[in-house]
Every structure is written in structure tokens, then in C-alpha cells.
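Observations on the three-dimensional arrangement
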Amino acid sequence: GAVVSQHPSWVICKSGTSVKIECRSLDFQATTMFWYRQFPKQSLMLMATSNEGSKATYEQGVEKDKFLINHASLTLSTLTVTSAHPEDSSFYICSALGLYERYNEQFFGPGTRLTVL
Amino acid sequence: GQQLNQSPQSMFIQEGEDVSMNCTSSSIFNTWLWYKQEPGEGPVLLIALYKAGELTSNGRLTAQFGITRKDSFLNISASIPSDVGIYFCAGQLITGNQFYFGTGTSLTVIP
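Notes on the structure in this doc start here.

1. Section: the overall build of chain A
- Check the secondary structure of chain A and you find zero helices and 11 strands.
- Overall, chain A shows an N-to-C arrangement of helices and strands of β-β-β-β-β-β-β-β-β-β-β.
- Computed over C-alpha atoms, the radius of gyration of chain A comes to 14 Å, within 12% of the 13 Å expected from 2.2 N^0.38 for 117 residues, which places it in the range of a compact globule.
- Based on the C-alpha atoms only, the size of chain A along its principal axes is roughly 45 × 25 × 20 Å.
- In the form shown here, chain A has an accessible surface area of approximately 5,900 Å², with 52% of it arising from carbon and sulfur atoms.

Now the structure itself:
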């Protein structure tokens, strides 16, 4: 399958700081990227959908001013958690959707574990 | 977001046994995907289904896209210890690109 990378894989920060997470599709062009959050022992919850060159669409209950998403190119999307607090600690996973071989498929990154102290 | 219900929530089985799990929703989906996630990692795609009634296999895994387009099934035959993990279904609505995830099925295989 296609490769999607995330950086960093693990970040620890102090409360009140901002953290940027990168998501890259390495061998295909992602027309759409998605950001998910996953709390321990729970399912993936879709936070937002971003299309290259346009504003992200946020799911209900997700604060767009707190979770800033930029999708500047077909291979890169970034999620910035602004003024992070301990309750933002979670596993953040991106996925990239694009034409891969014959079908539009969605591939996931390995995730970024955020711990806010 | 959409609610996809997966069952069972968890399974403990003996090595060699077959496994069945399903995913249901009140909404109609045009694509169903099945993923496996291991601790601390992102989900890995196992099988993709694109047409109602479609039955697709990937090794010991077989998945079906329900005729009503509101459900999907995943079967694992002759389970082995490395099948341990959490299995998620994901459905894509007709109206958008987003995939919504099921609640997950945690599988434990006892050697």
C-alpha cells in the first residue's frame, strides 16, 4: 500500500504551548487528508477534512481555532494544536485519500502521540 | 459524525478458530474498509469493498459488503497469534469523502 508519514511520532509539551504535527503522503498525491483523534481504548474520531488549497471542514464539536489545519500541497497537511492543555493529550492520526493504482483509497499515517503536561 | 456499531466489542479465541465480526449503521455507505490497528500504531488497511454484495478475500481474511449497504462483515479463518489487535470498520457515505469508523473489535488469540 501507499506510505503516509507523520512527524513527530511522539511529542511532550507544556500546557499553553502550541504543537505542529505534519502528515505527508510519500508516493501518491492526496486530494484530501483527514485528521483523527483517538483516546486510549477508543475508536478513531474524525476531527476534520482538508482539501488541498482550501479551508478544512471540521466535525461538530471540534474547535477550528484550536486545531488549525493547513493543506498547502497534495502531499502535506499540518495540524497545529494551539495552546495545548492536558485534555488535548491523545493519539492524533492523519490519513490521505487519493488515487492509488485503480481506486481512491485512504491510507493512514503511524500516528503522533501528544502528551501535554 | 456517523455512528457505526461494531460487534462483538471483544473476542477471546483459541488459535486455529475462525472469527467473525460485523459493522452496522443506519446510513447507507458506498465504500467499506476494514483496518487492523496494533498498539501505538496507525490503522493498516486490510480489505476495501466498493460494491453492494461484494465478497473480497485477502489471505485468511474475507469481507463482505452487505446488500443493504448498511453493513459489512469480516471473517478471519484459522486464527494465529499475530492476528491479535483491534479491528475497525470504516464506511464512506455517498455524500462525501469522509470515512467514519466503527467502535472496534478487540481480538485476542490464545495459543
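2. Considering the nonpolar core
- In terms of nonpolar packing, the biggest core is built from 38 residues, with Tyr36 of chain A together with Trp32, Trp34, Leu74, Phe101 and Leu107 of chain B touching the most fellow members.
- When residues no more than four places from it in sequence are discounted, the contact partners of Leu107 of chain B are Met11, Ile13, Val19, Ile76, Asp83, Val84, Gly85 and Tyr87 of chain B.
- If you look at the next biggest cluster of nonpolar residues, it comprises 27 residues, including Met47, Ala84, Tyr92 and Cys94 of chain A.

3. Some details on the sheet that holds strand E3 (residues 19-25) of chain B
Residue and element names in this part refer to chain B.
- Judged by pairing direction, the sheet is antiparallel, and its five strands sit side by side in the order E1-E3-E8-E7-E6 without closing on themselves. Two strands in the sheet have a free side with no partner beyond their single neighbour: strand E1 (4-7) and strand E6 (55-58). Taken pair by pair, the neighbouring strands of this sheet meet at an average axis angle of 15°, ignoring direction.

4. Structural notes on the packing of aromatic side chains
All names here are of chain A.
- Per the stated rule, a full pass over the model turns up nine aromatic pairs over all chains.
- A ring pair is formed by Phe28 and Phe107, whose centres lie 5.8 Å apart and whose planes are at 70°; its orientation type is edge-to-face. Linking Phe28 in the loop between strand E3 (19-25) and strand E4 (32-38) with Phe107 in strand E10 (residues 103-108), this pair joins segments that are 79 residues apart in sequence.
- For Phe28, a relative accessible area of 7% corresponds to the buried category.

Calculation rules
The written sequence of each chain sets the order in which its residues are numbered from 1. Chain A is the first chain written and ligand 1 is the first ligand written, with later ones labelled in order. Local features in this predicted model are restricted to residues of pLDDT 70 or higher, and side-chain atom pairs are both shown and tallied only at a pLDDT of 80 or more, whereas totals for entire chains, interfaces and linings draw on every residue. The basis for the side-chain values is all heavy atoms of the structure; hydrogens and waters are excluded. Helix and strand definitions follow DSSP, with helices as H or I runs of at least four residues and strands as E runs of at least two, each counted in order from the N terminus. Two things to know: the radius of gyration comes from C-alpha atoms, and the globule rule equals 2.2 Å times the number of residues to the power 0.38. Accessible areas in this description were obtained via Shrake-Rupley with a 1.4 Å probe; residue shielding takes into account the shown protein chains only. Side-chain atoms within 4.5 Å link the members of a nonpolar core, which is a set of buried Ala, Val, Leu, Ile, Met, Phe, Trp, Tyr and Cys residues. Relative accessibility thresholds used throughout: buried, under 20% of the residue-type maximum; exposed, over 50%; partly exposed, between the two (1.4 Å probe, protein chains only). Whether two residues are in contact is decided by their heavy atoms: any pair within 4.5 Å suffices. Paired strands are those between which DSSP finds at least two bridges. Axis definition: a line fitted to C-alpha atoms, over the contacting stretch in the case of helices. Angles run 0 to 180 degrees between N-to-C directions. The criterion for an aromatic pair is that two Phe, Tyr or Trp rings (for Trp, the six-membered ring) have centres within 6.5 Å, with stacked assigned to planes under 30 degrees apart, edge-to-face to planes over 60 apart and tilted to the rest.

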